[in-house]
Amino acid sequence: MTRFFYGAAHEQFAPSELVAQAIAAEGAGFDGLACSDHLQPWWEPGESGHAWVWLGAAGHATTRIPLGTGVTAPVHRYHPVVVAQAFATLEELFPGRAFLGVGSGESLNESPAGMDWPDTDEQLRRMTEAVELIGRLFDGQRVDHDGDYFRAKGAYLHTRPERRPPIYVSAFGPEAARIAGRLGDGVWTMGDPEMAPGVIEAYRDSAREHGREPGEVLLHVGFSWAEDDKAALEGSRVWKAAAVDEFFTDDWHEPGRMHEHAQSKVGDDEYRESFIVSADPDEHAERIRRIEELGATTVVLMNVSGADPLAAIETYGEHVLPALRDGERVAA
C-alpha cells in the first residue's frame, strides 16, 4: 500500500510550529514525517530552522512514524562525515524510524556558506562522492578518503545504530536517477506527470543494472487547504518560488530577488498545476491519486497551508487520507 508522509516546511513555519504540526500529523494518520533542510527560504521574509536539530525534537514529540530530511545536500555546508554522524545518531535515538534524503543542493543554501556554485555536472559528482562516503560509514568502515571534493582521515562512526538508515536520493532527471539506482535505497522526485515517469524508469533500470532490487519511489507535492479557495491560494502564494526550474540548478541565492522573479514569472494557474491548492478535500484526494498512479510507493505531502496549517492537517486526517486508503470519494 502507498504510504503518505507529512512534509514539514521549514521555509514557511517556525520550528516550534512545525513540532506542533508533526504531533498533529501523526495523530491524523500520516505514515511518516519529512522536513525540508534549508539555510534560507525561497523568499523573504520567511523561516530557516535547522532541520537536524528539529528532527530530534520531532522524534521525541512523536512515537512511531519514520522521520528524516527531504532533502539534505551533502555538497558543501555539510561534510558527508558529519551527515553520516547526524543520521546514525537520529537512528540510535529513534530505532527503525530514521531515513536520510540526499540531493545535489541549490545555490540558495550553499552560496551563503561560501560556495562558488558549480555547474550541474559537478553538483551531481559532489553528491555521488558524498553518498558513497556516507554509505561506507553507515556500513561500519573506518574511512580514509582523498577524493575530488572531500577528504577523510580515519573517519569512523563510534556510535552506530543496529539498522542502517535508508538513503533516498533526489532526482530531477535521468542522470541523478541512475545515481539513485546504483547507490540509494530509493529515489525522490516531484509528483510531476512529465518528470516522474522518466526518472522512475531510469532509477529502476539502473538498480537492476547494478544487481539491486529497486526500492522506494517517493513522489513529492505541496498542498494548501483553507476554508475557501482564495484563502488557500493567498496562504501559500510565496511557494511560487519553488515552481521556478532555474532556482534548483542556477546561481540564485538572494531570497528577496527570487520572490520577485517568481511572482512575475509564475501565474496562478501554473502554480495550481504544481501544487494542490483548494478548499475541496475531494480535489486534494483526486490529485494525490493521480500522483500514486505514476508509480509512487510513498507520496510526500508538504503542508504549505499558510492560512491554517493545523486545520489542513485535521482535514487530511478526517477526509483526504481515509478516502485515499479506502479508494472512495470524499464525502461532501
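Quick caveat, the model's predicted, so the values are computed rather than measured. Sequence positions are assigned chain by chain, starting from 1 and proceeding in written order. The model is predicted, so local features are restricted to residues of pLDDT at least 70 and side-chain atom pairs to those at 80 or more, both for listing and for counting; the totals for chains, interfaces and linings are taken over all residues. As a rule here, side-chain values come from all non-hydrogen atoms in the structure, and water together with hydrogens is ignored.

Draft legend 1. Seen up close, helix α7 (residues 196–209). Runs of H or I in DSSP of at least four residues are treated as helices and runs of E of at least two as strands, each being numbered from the N terminus. In a helix, the anticipated span is given by 1.5 Å times the number of residues less one. With 14 residues, α7 extends 20 Å from end C-alpha to end C-alpha; this agrees with the ideal 20 Å at 1.5 Å per step. What α7 keeps buried is the set Ala196, Val199, Ile200, Ala202, Tyr203, Ser206 and Ala207. For α7, the arc enclosing every buried residue in end-on projection is 165°, short of the 170-degree limit, so these residues lie on one face. α7 presents Glu201, Arg208 and Glu209 as exposed residues on the side facing more than 90 degrees away from its buried surface. Check the buried side of α7 and you find it contacts α6 (174–183), β8 (186–190) and β9 (216–224). Gly211 sits one or two residues past α7 and shows a positive phi near 70°. Summary of the burial criterion: residues with accessible area below 20% of their type's maximum are buried, those above 50% are exposed, and those between are partly exposed, where the area comes from a 1.4 Å probe applied to protein chains only. The arc in question is formed by the directions pointing from the helix axis toward the C-beta atoms. The contact rule is simple, with two residues in contact once any of their heavy atoms fall within 4.5 Å.

Draft legend 2. Spotlight on the pattern of salt bridges. By convention in these notes, a salt bridge is any Lys or Arg side-chain nitrogen within 4 Å of a carboxyl oxygen on Asp or Glu. Overall, the coordinates contain 15 salt bridges when judged by the stated rule. Here Arg163 and Glu91 are joined by a salt bridge, their closest N and O atoms 2.9 Å apart. Residue Arg163 is located in the loop between β6 (151–155) and β7 (167–170), and its partner Glu91 is located in helix α3 (residues 80–93); the two are separated by 72 residues in the primary sequence. Given the relative accessible area of 30%, Arg163 is considered partly exposed. Classification of Glu91 by relative accessible area gives buried; the value is 2%. Asp268 serves as the salt-bridge partner of Arg237, at 2.8 Å between the closest nitrogen and oxygen. Here Asp268 lies in helix α10 (residues 268–274) and Arg237 lies in the loop between α8 (229–234) and α9 (255–265), a separation of 31 residues in the sequence. Overall, Arg237 belongs to the partly exposed group, its relative accessible area being 21%. Given a relative accessible area of 28%, Asp268 falls into the partly exposed group.

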